[in-house]
Amino acid sequence: IALENSDSDSDGFLDISALRMINDNRVRDVAEHHEQVTVSFLDIVGFTNISSQSSPGEVMTMLNRLFSIVDELSDRHNIYKVETIGDAYM
């Protein structure tokens, strides 16, 4: 999708309203109603301290191992993972 500059050339912002509408419509299309839902947020306590004392490779290995276990458990129990952001899992 091509984004165009807004009407006011002086503000320098891109008009992303068309893109947002497309994304919102896509979200609405896949949304489902469920009688019971549980939302879980997982976060690593002390992640900043751990990562400051580890190499980037060690941090990535730790996160990959941890989230792979959670992904496997989620698949096994038919749990839908919304997103992984940094050290947080939703």
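Structural notes, computed from the coordinates. These numbers come from a predicted model, not from an experiment. (Residues numbered from 1 in each chain as written. Predicted model: local features only at pLDDT ≥ 70, side-chain atom pairs only at ≥ 80, totals over all residues. Heavy atoms only, no water.)

**Some remarks on the overall build of the protein chain**
In step 1: Helix and strand content of the protein chain: three helices and five strands.
In step 2: Reading the protein chain from its N terminus to its C terminus gives the helix and strand order β-β-α-β-α-α-β-β.
In step 3: By the burial criterion, 11% of the 90 residues in the protein chain qualify as buried.
In step 4: Sequence-distant contacts, at least 24 apart, represent 24% of the contacts inside the protein chain between residues at least 6 apart.
In step 5: Accessible surface for the protein chain amounts to roughly 7,900 Å². Of this, 55% is attributable to carbon and sulfur atoms. (Helix = DSSP H or I, 4+ residues; strand = E, 2+ residues; numbered from the N terminus. Buried < 20%, exposed > 50% of the residue type's maximum accessible area, 1.4 Å probe, protein only. Contact = heavy atoms within 4.5 Å. Areas by Shrake-Rupley, 256 points an atom, 1.4 Å probe, with all protein chains shown as cover.)

**Quick word on the environment of Ser40**
In step 1: Relative to the helices and strands, Ser40 resides in the loop between α1 (17-30) and β3 (42-43).
In step 2: Here Ser40 falls in the partly exposed class, since its relative accessible area comes to 40%.
In step 3: For the pair formed by Ser40 and Tyr89, sequence separation is 49 residues and the distance between their alpha carbons is 8.1 Å.
In step 4: With near-sequence residues (within four places) excluded, Ser40 lies in contact with Tyr89 and Met90.

**Description of the pattern of salt bridges**
In step 1: Under the counting rule described, the total for this entry stands at one salt bridge.
In step 2: The salt bridge partner of Glu72 is Arg76, with a shortest N-O separation of 2.9 Å. Taken together, the residues span about one helical turn, with Glu72 and Arg76 both in helix α3 (residues 56-76) at a distance of four residues.
In step 3: Given the relative accessible area of 54%, Arg76 is considered exposed. (Salt bridge = Lys/Arg side-chain N within 4 Å of Asp/Glu carboxyl O.)

**Some details on unusual backbone geometry**
For residues other than glycine, phi is negative in most cases, and the peptide bonds are mostly trans.
In step 1: Positive phi values are uncommon outside glycine, yet Asn78 reaches one of about 55°.
In step 2: Looking at the secondary structure, you find Asn78 in the loop between α3 and β4 (84-85).
In step 3: The exposure class of Asn78 is exposed, given its relative accessible area of 73%.

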